[in-house]
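Fold and geometry: a report
Chain by chain, the residues:
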Amino acid sequence: MNAQNFSGRKAIITGGARGMGAAAARAMLERGAKVCLWDANADALAQKAQELAPFGPVMHRVVDVSDFSDVAAAAQEANDQMGGLDILVNSAGIAGPNAMVEAFPPDDWARVMQVNLNGVFHCARAVVPFMKEHDYGRIINVASVAGKEGNPNASAYSASKAGVISLTKSLGKELAQTGIRVNAITPAVIKTEMLDDVTEEQISYMLAKIPMGRMGTVDEVAEMVMFLSSEACSYSTAAVFDMSGGRATY
């Protein structure tokens, strides 16, 4: 199987109703995979599944990644219905408010952590046992360059994504002697619907730090996800792949 052939592979993509998750789902379907989309937005999820249906076998389920019991039940269902699980793309996430730490609402902090960081843990915790059954898997966690650098007025988002990077490294090392690979990507500003929740001032700050001087696209991110999801990604694990237009310095 080459990097462009996902025939027979079964994937779960969280945050699959829009943005990077939806783009990765389409790319994977076009390459022959079966895909199960998870998202908390029922209407958007059903609409996206309908849009993607012409490209290949697509299932969908409303899942709250912050709730482990919900995630565990959904993983069992996906495994049963697709006949196994090979790929997990953790793309679900929320931006949270823009505020200084001294004024950051504690409830919003907790919610960002519960979705962005705990959600990744919940999904990996539920899916890894199924991957171990056939000693093969690819887990791709969508972190952020903010997790490397820490964006001002976005402390919860930045801290949650730093946690995703560390979780990726821990899990990748734990599974290094198996056939499961775990990697993260660190996008900078990608043109997605999530930007609707970010102030123009924050967007301008982030764009000013990108040497390419532009946002990335979901299709560019999807191509990186395709490599990391493929058999070709065999010697990289617990690694972080830059998608920042030159912004990242490490």
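Structure's up top.
Definitions and limits used
Residues numbered from 1 in each chain as written. Predicted model: local features only at pLDDT ≥ 70, side-chain atom pairs only at ≥ 80, totals over all residues. Heavy atoms only, no water. Buried < 20%, exposed > 50% of the residue type's maximum accessible area, 1.4 Å probe, protein only. Helix = DSSP H or I, 4+ residues; strand = E, 2+ residues; numbered from the N terminus. Arc of directions from axis to C-beta. Core = buried A, V, L, I, M, F, W, Y, C linked by side-chain atoms within 4.5 Å. Contact = heavy atoms within 4.5 Å.

Concerning helix α8 (residues 200–208)
Within the sequence span of α8, burial applies to Gln-202, Ile-203 and Met-206. The buried residues of α8 occupy one face: seen down the axis, they fall within an arc of 100°. Among the exposed residues of α8, those pointing more than 90 degrees away from its buried face are Glu-200, Glu-201 and Ala-208.

A few points about the nonpolar core
If you look at the biggest cluster of nonpolar residues, it comprises 34 residues, and the most contacted ones within it are Ile-13, Met-28, Val-35, Leu-37, Ile-185 and Val-225. In this structure Val-225 touches Ala-24, Met-28, Val-89, Ile-140 and Ile-185, once residues within four positions along its chain are discounted. Formed by 27 residues, the second largest nonpolar core is a distinct cluster that contains Val-63, Ala-92, Val-115 and Val-127.

Details of the environment of Ala-24
Along the polypeptide, Ala-24 turns up in helix α1 (residues 19–30). For Ala-24, a relative accessible area of 1% translates into the label buried. Sequence separation between Ala-24 and Ser-66 is 42 residues; the distance between their C-alpha atoms is 21 Å. Excluding residues within four positions of it along the chain, Ala-24 makes contact with Ile-13, Ala-222, Val-225 and Met-226.

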